[in-house]
Amino acid sequence: MNDASRTAAVAGTSVTRSRRRRSRARSLNSAAPFGLILPVILVIAVVLGYPLYWLVRLSTQHYGLFELIQHHGTSVGLANYRSVLHDQVFWHTLLRTVVFTAVNVGLTIVLGMLLALLLVRLSTWVRILLASALVLVWAMPVVVAVQVWYWMTSYENGVVNYVLTTLHIGDFFQHDWYATTTSQLAMVTLLIVWGALPFVVITLYAALAQVPRDLLEAAEVDGARPARAFRDITLPIIRPILLIITSLSIIWDFGVFTQPYLLIGQSKIGPGNFLMSIYLFEEGYFKSDYGRGAAISLLMLLIVGVLSIAYVRRMVRIGVAES
């Protein structure tokens, strides 16, 4: 083999090795993100996966107080699921909860957006005062908020009845705001929206602050009205944050328990005003049928996933488009 052939062979070997090194480097770079999130995935799998496994196992068993003492249930297969799905109270409760969730999420997002837009236009000191008030609302414990709200709306000595009567809006003397199912859920809705607004307003305000002012000023110079500028410029920019907030609101409002259970009161809670969380509590814990309660919990998880899937798909599409 002459010198030219040796040189060509060495060069070819070097090129091959260089390509292999670059290929390994690309493989390591592509695998690095998965390696970094692997500990988080393992923690989530342990923290969420293990309880979920036992919940699935419990849902296929007859598990009451006797089985709780013995720490051993009797396998019944899918009988708990069939029992729940054949219960008319479940379907009425599901429909009521879906409507309740839609109203709560809609009011929270719309009012939160309006307040966030207001924060953007306010002066610094007024913005600080309003933001501080929102933080104080957010910091109030739920049980305390329920007790204060119930005192305000009490039919005996409530502030709301007194103020409305004093302003001659109507005769609200000893008016019971919890007399009907509609009014009960309306009071719960007002309380939930009031407690959820701080998070939504502050988050949306932070998103609105990232909208480039140059684009809005250019739209204003071109003669675009504020509503048109919001629809064509602001909304597409803040849409990912809006989708995340909406998904979280759906999850929170669908499974809300503390506010309706404490505000309506145990004496007025019945199948006619059940929400899914209260239905789960009554069937699973109050009646000590833990297997049936586990089945209801898994069905609730599946329903929330179905309700949120549209928003999750939109977020994934936005992430793929941006990348």
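Because the structure is predicted, anything quoted here is derived from the model rather than measured.

A. Molecular detail of the nonpolar core. By size, the foremost hydrophobic cluster in this structure holds 36 residues, and its most contacted members are Phe-90, Phe-100, Phe-254, Leu-263, Met-276, Tyr-279 and Ile-296. Going through the elements one at a time, α3 (79-85), α4 (88-121), α6 (142-152), α8 (181-208), α11 (258-264), α12 (276-286) and α13 (290-322) are the ones with two or more residues in this core. The element best represented in this core is α13, accounting for seven residues. Discounting residues that sit within four places of it in the chain, Phe-90 has contacts with Val-84, Leu-85, Met-276, Tyr-279, Leu-299 and Ile-303. In this structure, Val-105, Ala-207, Val-211 and Ala-219 belong to the second largest nonpolar core, which totals 16 residues.

B. View of the packing of helix α9 (residues 213-221) against helix α10 (residues 226-254). Interhelical geometry of α9 versus α10 gives an angle of 170 degrees and a closest axis separation of 10 Å. Judged by the angle between their axes, α9 and α10 are roughly antiparallel. Seen along the crossing, α9 lies across α10 with a hand that is right-handed. Counted together, Leu-215, Leu-216 and Ala-219 of α9 and Ala-229, Ile-233, Thr-234 and Ile-237 of α10 form the full contact between these two elements.

C. Seen up close, the environment of Ser-154. The topology assignment puts Ser-154 in the loop between α6 and α7 (159-166). Given the relative accessible area of 10%, Ser-154 is considered buried. Each C-alpha atom, one on Ser-154 and one on His-175, is 8.2 Å from the other, the two residues being 21 residues apart in sequence. Within polar-contact distance, the side chain of Ser-154 engages the backbone nitrogen of Glu-156 at 3.4 Å.

Analysis parameters
Residues numbered from 1 in each chain as written. Predicted model: local features only at pLDDT ≥ 70, side-chain atom pairs only at ≥ 80, totals over all residues. Heavy atoms only, no water. Core = buried A, V, L, I, M, F, W, Y, C linked by side-chain atoms within 4.5 Å. Buried < 20%, exposed > 50% of the residue type's maximum accessible area, 1.4 Å probe, protein only. Helix = DSSP H or I, 4+ residues; strand = E, 2+ residues; numbered from the N terminus. Contact = heavy atoms within 4.5 Å. Axes fitted to C-alpha atoms, helices over the stretch in contact; angles between N-to-C directions. Parallel < 35°, antiparallel > 145°, perpendicular 65-115°, else oblique. Left-handed = near helix turned anticlockwise from the far one by under 90°. Polar contact = N/O pair within 3.5 Å; in protein donor to acceptor, adjacent residues only side chain to side chain.

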